[in-house]
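# Reading the structure
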2 protein chains.
Amino acid sequence: MLKLDTAVPGVKGFAVAGIHAGLKKDSKLDMALIVSERECTSGAVFTRNLMKAAPVLVNMDHLQQRGQQMRAVIVNTTNANAATGQVGLENARTMAQLTASQIGCAAEQVYVMSTGVIGAQLPMEKIGAGITLAASQLGNRWDNAAAAIMTTDTWAKVASVRVQSARGEYSIAGISKGAGMIAPNMATMLGVIATDAALPSLQIQSLLGAACDTSFNRIVVDGDTSTNDMVVLLANGASGIQLETAADLAQFQEALNLLTIYLAQQIVRDGEGATKFITIEVNGTQNHADAAQIAHTIAASPLVKTAFYGNDANWGRIVAAAGRAGVQFAPDQTSLWIVPGESIVDGERGLLLFDRGIKADYEESAATAIISNASIYVTLQVGSGQGHAVVWTCDLSHDYVNINGSYRS
Amino acid sequence: MLKLDTAVPGVKGFAVAGIHAGLKKDSKLDMALIVSERECTSGAVFTRNLMKAAPVLVNMDHLQQRGQQMRAVIVNTTNANAATGQVGLENARTMAQLTASQIGCAAEQVYVMSTGVIGAQLPMEKIGAGITLAASQLGNRWDNAAAAIMTTDTWAKVASVRVQSARGEYSIAGISKGAGMIAPNMATMLGVIATDAALPSLQIQSLLGAACDTSFNRIVVDGDTSTNDMVVLLANGASGIQLETAADLAQFQEALNLLTIYLAQQIVRDGEGATKFITIEVNGTQNHADAAQIAHTIAASPLVKTAFYGNDANWGRIVAAAGRAGVQFAPDQTSLWIVPGESIVDGERGLLLFDRGIKADYEESAATAIISNASIYVTLQVGSGQGHAVVWTCDLSHDYVNINGSYRS
């Protein structure tokens, strides 16, 4: 039985720091460094936004060149190094180079992550001093690293899983920050995951891709995709555990999913202005992609999100959003249930609101009682196909407008 | 020179009423009837939402059967007759039948429009009495009809154009209401356009389609598409003017576009919680559809809309939204300008904020001064292609959340 730990007792062969480089005010931690003592196999998932930030472009290049020899991740906040042209690309490469010379490797063995304002050039003097400081404070400080990558997040997001495998024990740890483009001028969902197991280089990218597909790619705060989104997985093998068989990899995938789903859900829970945690489950489509498309459309609808905020069990908005998702289904085979909580227990979908194309027979007061909870689980059945998807989202509140409508300060 | 009139002096052969049938509180007008004394050629544009309301399905059937013999449009508010199953379809057909028997035609010669709460059955007794009352009060009351189709609109939307053609004078009049799914449980953009010119039956659908493509299909309030959206065009020929030649039809198209653009813009100006009128122009794509897709993505972005609300000239959010629109373009050939107002005068695009992939050299105070206006024109150039589109939108304010987050009353 895999168990999540909301701290990181340690991941062998990784040293981590979070420091204050003078980028944020009030001595807050603002740069993070994650270093492996040995070369790692690695995978990475990047934003699909066409306007990719400089560090994303540099990392894509590094992954291609040295994906199986990576050593470190350097992260800065307050500046996204996006829409910064050739100077921005040079600055991202310089960040990798400065980090590499501190730890003794090639620049191409370093991933660079930036998050913050779009369009301004990095303050390279502070960044350079920050890298030197971070390198001098390396230790088991995943908590500091998680705090150092925050922007408008209100808490640090960090967790780990210790896995008892047939071959012995190994660990996976991860940190993440800020969902999508939820923050004023901030523009990034970032995640760094490290394990001391050794993973086969041919499979690491698909393991990370599969984990992201059920976690970071299943959350919606406001539907905007940032220029800087990035998740990396580093496996250094320092535990001496070499994962090879299908059973080994399946167990690792399960542990990785547990960790990434937790980190992804933390992002939704800490979504700007969020007052509710909402799960949207869609079943019955021809395939999983169709179910995910419907679930994402519902989760991103401002009308659905404001209804949740207002404790209004407004199933009409939910089915109308489903209807415009671009997926074919039969309205008269479509039904909708709601229940309090974050999961379905014993197949109990809760109160039926919409019954094969028409309003179900229910009391409005019962629906209101459910929708007024802090966590709500919505199940939409749109036919009898095998397609299935779950998406997590939050509501759209006055505070979202407060936070995003306020002038940059 | 075509000129818009914000009243309707009259359209020959059409009689119109707006009455109170007891659907809204406080004796407000809540049903509208538009009748032509003779059979009309007609075209109609329907919502693309899969969850089509009963009146939409019934009208699609009527258009197919009697599209060139239509006589009337009956509209009710407060109830969308959507997600109402077989009973809903029967009620929509009954509305057509009751209207037909009042004016002496076949039920299939009547369009039915409904707007309001999703999922409840129509109060058919009140609706029936309302139809009888409306039929008894027919006259030149386009103002009443426009008021009667309002839901959370704050003003009635009505206009007309008188056209001096080579063949003589004719008129076009139109009414519209509420943009997209902007209202709590209300779910409709409706439009009715009538002309006393005679139009060739083969062209009327494409004339209306072209007009909608540059007007009602170019507005965004919240990105939600309703189950009831519908625009109809009726041409009865009562002016004696028969439009036939390419020149005749081009002039009609121009007048129709003038009218529909006005009515569509009125919907954005009256968008829920709107404090600003924003024009998004996109140029330089391979084709017009790509430009429209980028412009729509920008217009629907909650981050872009909250930035406008907050007087924040946040071009990073605009180009990031463009980057996730699903259209290929080169960031380093992409530039962005803003200027106050609703149109570009003498090619003056205003202040350059983003210059071929990087931040332009401008003063933040100058950008803030522009963005603080009630009307802002944004131009995004994404290459050198011939693709072009203009979309109108509004900002996302606290009031939008107030209106849509409040419990149904």
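Structure first, text after, so check above.
Read on for an overview of the structure. (Residues numbered from 1 in each chain as written. Chains lettered and ligands numbered in written order. Predicted model: local features only at pLDDT ≥ 70, side-chain atom pairs only at ≥ 80, totals over all residues. Heavy atoms only, no water.)

### Things to note about the overall build of chain A
The number of helices and strands found in chain A is eleven helices and 16 strands. The C-alpha atoms of chain A give 22 Å as radius of gyration, which agrees with the globular expectation for 409 residues (22 Å, within 12%). Each principal axis of the C-alpha atoms in chain A carries an extent, and together these give about 70 × 55 × 35 Å. Taken across its 409 residues, chain A has 62% of its residues classed as buried. Considering only contacts in chain A between residues 6 or more positions apart, those separated by 24 or more positions represent 80%. Of the roughly 14200 Å² of accessible surface on chain A, a fraction of 50% belongs to carbon and sulfur atoms. In chain A, which carries 27 positive and 35 negative side-chain charges, the distance between the mean positions of the two groups comes to 4 Å. (Helix = DSSP H or I, 4+ residues; strand = E, 2+ residues; numbered from the N terminus. Rg over C-alpha atoms; globule rule 2.2 N^0.38 Å. Buried < 20%, exposed > 50% of the residue type's maximum accessible area, 1.4 Å probe, protein only. Contact = heavy atoms within 4.5 Å. Areas by Shrake-Rupley, 256 points an atom, 1.4 Å probe, with all protein chains shown as cover. Lys, Arg positive; Asp, Glu negative; His and termini not counted. Charge placed at Lys NZ, Arg CZ, Asp CG, Glu CD.)

### Let's talk about the packing of aromatic side chains
Residues and elements named next belong to chain B. Under the counting rule described, the total for this entry stands at four aromatic pairs over all chains. Of note, arginine 349 hangs over the ring of tryptophan 337, and the distance from its end group to the ring centre comes to 4.4 Å. Lying over the aromatic face of tyrosine 362, lysine 359 brings its terminal NZ or CZ to 4.3 Å of the ring centre. (Phe/Tyr/Trp six-rings, centres within 6.5 Å; stacked < 30°, edge-to-face > 60°. Lys NZ or Arg CZ within 6 Å of the ring centre and 35° of its normal.)

### Some details on the sheet that holds strand β15 (residues 375–381) of chain A
All names here are of chain A. Across the sheet, seven strands lie side by side as β9-β16-β11-β15-β12-β13-β14; this open sheet has mixed pairing. Only two strands of the sheet have a single neighbouring strand rather than two, namely β9 (219–220) and β14 (358–359). Inspection of the sheet shows strand β12 (residues 335–340) paired to β15 by six bridges, in the antiparallel sense. Its bridge partner lying in β15, valine 339 is registered against tyrosine 377. Running over the sheet, helix α7 (residues 288–300) touches β9, β11 (277–285), β15 and β16 (387–394) and is turned about 20 degrees from β16. (Pairing = 2+ DSSP bridges. Axes fitted to C-alpha atoms, helices over the stretch in contact; angles between N-to-C directions.)

### Details of the environment of leucine 199 of chain A
All names here are of chain A. Tracing the backbone through its elements, the reader meets leucine 199 in the loop between β8 (190–195) and α5 (201–213). Residue class for leucine 199 comes out buried when judged on its relative accessible area of 4%. Separated by 21 residues in the primary sequence, leucine 199 and glycine 178 place their C-alpha atoms 28 Å from one another.

### Here's the deal with unusual backbone geometry
All names here are of chain A. In this structure, alanine 83 takes a positive phi of about 60 degrees despite not being glycine. On the secondary structure map, alanine 83 appears in the loop between β4 (70–76) and α2 (85–103). Its relative accessible area of 17% is what places alanine 83 among the buried residues.

### Here we look at the pattern of salt bridges
Residues and elements named next belong to chain A. Scanning the entire structure with this criterion turns up 16 salt bridges over all chains. Residue lysine 157 pairs with aspartate 270 through a salt bridge whose shortest N-O separation is 2.7 Å. Highlighted residues: lysine 157 in strand β6 (residues 157–165) and aspartate 270 in the loop between α6 (246–269) and β11, separated in sequence by 113 residues. On the basis of relative accessible area, aspartate 270 is assigned to the buried category, the value being 7%. The partner of arginine 356 in a salt bridge is aspartate 355, and the shortest N-O contact between them spans 2.9 Å. Judged by relative accessible area, arginine 356 falls into the exposed class, the value being 53%. One connected set of salt bridges, linked through shared partners, spans Asp153, Lys157 and Asp270. (Salt bridge = Lys/Arg side-chain N within 4 Å of Asp/Glu carboxyl O.)

### Focus: the sheet that holds strand β12 (residues 335–340) of chain B
To summarise the sheet geometry, strands pair through backbone hydrogen bonds and adopt either a parallel or an antiparallel arrangement. Residue and element names in this part refer to chain B. Here seven strands make up an open sheet; going across it, the order is β9-β16-β11-β15-β12-β13-β14 and the pairing mixed. Looking at which strands have only one partner, the edges of the open sheet turn out to be β9 (219–220) and β14 (358–359). Lying on the sheet, helix α7 (residues 288–300) is in contact with β9, β11 (277–285), β15 (375–381) and β16 (387–394); it crosses β16 at an angle near 20 degrees.

### A short note on the pairing of β12 of chain A
Within a regular beta strand, the side chains point alternately toward one face of the sheet and then the other, so they alternate between its two faces. Residues and elements named next belong to chain A. Of all six residues in β12, five are buried, a share of seventy percent or more. The pairing of β12 with strand β13 (residues 351–355) spans three bridges and is antiparallel. Directly across from isoleucine 338, in β13, lies its bridge partner leucine 351.

### So, the nonpolar core
Counting 73 residues, the largest nonpolar core has Val73, Trp142 and Ile175 of chain A together with Ile294, Ile298, Trp315 and Leu380 of chain B as its most contacted members. If you tally residues by element for this core, the top one is α7 of chain B, at six residues. Counting 72 residues, the second-largest nonpolar core is a separate cluster that includes Ile294 of chain A together with Val8, Val11 and Ala44 of chain B. (Core = buried A, V, L, I, M, F, W, Y, C linked by side-chain atoms within 4.5 Å.)

### A few points about helix α11 (residues 398–405) of chain A
Along α11 of chain A, the positions that sit buried rather than exposed are Tyr400, Val401, Asn404 and Gly405 of chain A. Buried residues of α11 of chain A, viewed axially, fall in a sector of 105 degrees; they line one side. Residues of α11 of chain A that are buried in the fold lie against α8 (302–309), α9 (315–323) and α11 (398–405) of chain B. (Arc of directions from axis to C-beta.)

### Here's the deal with the side chain of threonine 77 of chain B
Relative to the helices and strands, threonine 77 of chain B resides in the loop between β4 (70–76) and α2 (85–103). Residues in contact with threonine 77 of chain B, not counting those within four places in the same chain, are Leu23, Lys24, Asp30, Thr115, Ala148, Ile149, Met150 and Thr151 of chain B.

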